[in-house]
Amino acid sequence: MMRWMGILSWSRSLPRDLRLLFFSLFLWTFGLGIYNYVWSLYLTKLNANPEQVGLVSSIGFFAAAISMIPGGILANKYDNRSLLIIGWAMSIPVPILFYFSRTWSDVIPGLIILQLSAFNVPAMNAFISALGDQKRMSSAFGAVYSAFPLGLVLSPAVGSLLLTWLSIRDLFWFTLALWTVSTIILFPLKRQPPREVDSKAPLLELPRSSRELTILAFLFGGAVAFSITSPSFLPLFLQDQLHLTDAQIQLLGTAQSLGSAIFAILLGRWAATRNPGSTIAKELMLVAGGALGIALAGSPLLVVPMVFLLGGARAPSYVAYSLLSNMREGKSRAGQFGFYLTFEQLGLVVGSLIGGFLYASNHTSVLITTSVLFVLLAALAGFRIRRGAATSRVHTK
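Now for a look at the structure at hand. Note that the structure is predicted; figures quoted are calculated from it, not measured.

1. A few points about the overall build of the chain
Here comes step 1: For the chain, the count of helices and strands is 20 helices and zero strands.
Here comes step 2: Counting over 397 residues, the chain shows a buried share of 59%.
Here comes step 3: Long-range contacts, defined here as pairs at least 24 residues apart, represent 88% of the contacts in the chain between residues at least 6 apart.
Here comes step 4: For the chain, the accessible surface area stands at approximately 15,600 Å², while carbon and sulfur atoms represent 69% of it.

If you want it as structure tokens, here you go:
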């Protein structure tokens, strides 16, 4: 309990604007978690089959992917605060569109808008890197981004409780309220205008070093491995194989989110003081074991700790971006984040499509494939990812 209280209080060490961003992101993801773990079940109620569930997810992730480089370019040219508010505000009408959907294809316009709102992720990463402690950047990224899984810890339980009285469709009204409040919280942020190096940067900057290429491959591979199973097909597996109800699956999402939150914070702390590659590798082996454990577990009780371990799947990407932010001094926001985020989102597109085909042929194959891929990524991280000073730093005063 004391360790958990320490994790929750960690945000107090952040600068004021990062604390506001943390709480806004927490409320936004709380609204997402109200329905997120039964989203694929909602699609099946709208007559979607597994391939169509994967297709819908891929369309959404593709929309996010094509927004990343333009988002990085906008972060080079405009105030980060404004970009954060615009992106948050774009998500507000989406729950209404989801509520009035009558077939699985009806959700696509709202999903595209929701994912296009992610254009401000490069601006958010730049916002964090500008205000975080340069010597402990992985801690700053881990602390702020821990709001995402923390927001998803309690919200599935709330959604599960609501599902005892309401349908999945009705949950979107609660999401609407939370996303509106989370947007309002961002207004007190101080402006963060573009730096001169950003405004004069080229539109597209490619990786130049082997370390940057390694991180690019790692982010893409991690997204593929994760999205083959979660978030689209794990709920379907739990329903089809373990015969859990909508409310039980939503409640089990709490265990996955709790794992995400704890691993995001602890991995950020450990990577700040230890070899980040070996630290990531050890964590990914736990994630691989969790995916395999879900496939082998025969009861809901045994699945709970395995789902907790799988929750740590996305934590290494936060460390990767923190390493990237310090890898080459003077690099623009678009170059630092937009290009890499695009490939990460494309990994989610590929993984969702693969997951749909795998799940249609064999339900367990998605979990086994995810486990194998995370083992390979652990090897990549352990042997290739290292902390390095910015390459241009030798030329600075």
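Now that the structure has been shown, we can carry on.
2. Quick word on the packing of helix α2 (residues 16-33) against helix α8 (residues 121-131)
Here comes step 1: With their axes 10 Å apart at the nearest point, α2 and α8 run at an angle of 145 degrees to one another. Crossing hand, α2 versus α8: left-handed. Mapping the contact onto sequence places Asp 17, Leu 18 and Leu 21 in α2 and Met 124, Phe 127, Ile 128 and Leu 131 in α8.
Here comes step 2: Broken down by class, the residue content of the contact of α2 with α8 amounts to six nonpolar, no polar and one charged.

3. Quick look at empty space enclosed by the protein
Here comes step 1: All chains considered together, the criterion is met by three cavities of 30 Å³ or more.
Here comes step 2: Space inside the largest cavity adds up to approximately 1,200 Å³.
Here comes step 3: In terms of lining residues, the largest cavity is bounded by 45 residues, among which Trp 28, Leu 32, Phe 61, Gln 115 and Phe 148 are the most central.
Here comes step 4: Considering only residue class, the lining of the largest cavity consists of 26 nonpolar, 17 polar and two charged.
Here comes step 5: Each pocket or cavity is described by its volume, and for the second largest cavity that value is around 70 Å³.
Here comes step 6: Phe 218, Leu 219, Gly 222, Leu 284, Ala 313, Arg 314, Pro 316, Ser 317, Phe 374 and Leu 377 are the residues that line the second largest cavity.
Here comes step 7: Tallying contributions element by element places helix α13 (residues 210-229) first for the lining of the second largest cavity, with three residues.
Here comes step 8: Taken together, the residues of the lining of the second largest cavity break down into seven nonpolar, two polar and one charged.

4. Concerning helix α10 (residues 147-162)
In an α-helix, one turn spans 3.6 residues, which is why side chains three or four residues apart end up on the same side.
Here comes step 1: With 16 residues, α10 extends 22 Å from end C-alpha to end C-alpha; this agrees with the ideal 22 Å at 1.5 Å per step.
Here comes step 2: Along α10, the sharpest kink reaches roughly 30 degrees, centred on Ser 155 and followed within four residues by the proline Pro 156.
Here comes step 3: Every buried residue of α10 is accounted for by Ala 147, Pro 149, Leu 150, Gly 151, Leu 152, Val 153, Ser 155, Pro 156, Gly 159, Ser 160 and Leu 162.

The rules behind these values
- Here the residue numbering is sequential within each chain, running from 1 through the sequence in written order.
- Per-residue local features of the predicted model are confined to residues with pLDDT of at least 70, and side-chain atom pairs are confined, for both listing and counting, to 80 or more; whole-chain, interface and lining totals are unaffected and use all residues.
- As a rule here, side-chain values cover all heavy atoms of the structure and leave hydrogens and water aside.
- In this text, helices come from DSSP runs of H or I with a minimum length of four residues, and strands from runs of E with a minimum of two, each type numbered from the N-terminal end.
- Relative accessibility decides the category of a residue: with a 1.4 Å probe and only protein chains considered, values under 20% of the type maximum give buried, values over 50% give exposed, and everything between is partly exposed.
- Contact definition: two residues touch when any of their heavy atoms are within 4.5 Å.
- Note that accessible areas follow from Shrake-Rupley with a 1.4 Å probe, and for residues the cover is restricted to the protein chains shown.
- Angles run from 0 to 180 degrees between N-to-C directions of axes, and those axes are lines fitted to C-alpha atoms, restricted for helices to the stretch in contact.
- Left-handed describes a crossing whose near helix is turned anticlockwise from the far helix by less than a right angle; the clockwise case is right-handed.
- Note that Gly is not counted as nonpolar here; it falls among the polar residues with everything else outside the nonpolar set of Ala, Val, Leu, Ile, Met, Phe, Trp, Tyr, Cys and Pro and the charged set of Asp, Glu, Lys and Arg.
- Cavities and pockets are found on a 1 Å grid laid over the protein atoms alone: a cavity is a set of points where a 1.4 Å probe fits but cannot escape, a pocket is an open set with protein on both sides within 12 Å along at least five of seven lines, and a lining residue has an atom within 4 Å of such a point.
- Grid points are joined across faces, edges and corners, and a volume is the space filled by probe spheres set on the points.
- To estimate how far a helix should reach, multiply one less than its number of residues by 1.5 Å.
- A residue's bend is given by the angle between axes fitted to the 7 residues ending at it and the 7 residues starting at it.

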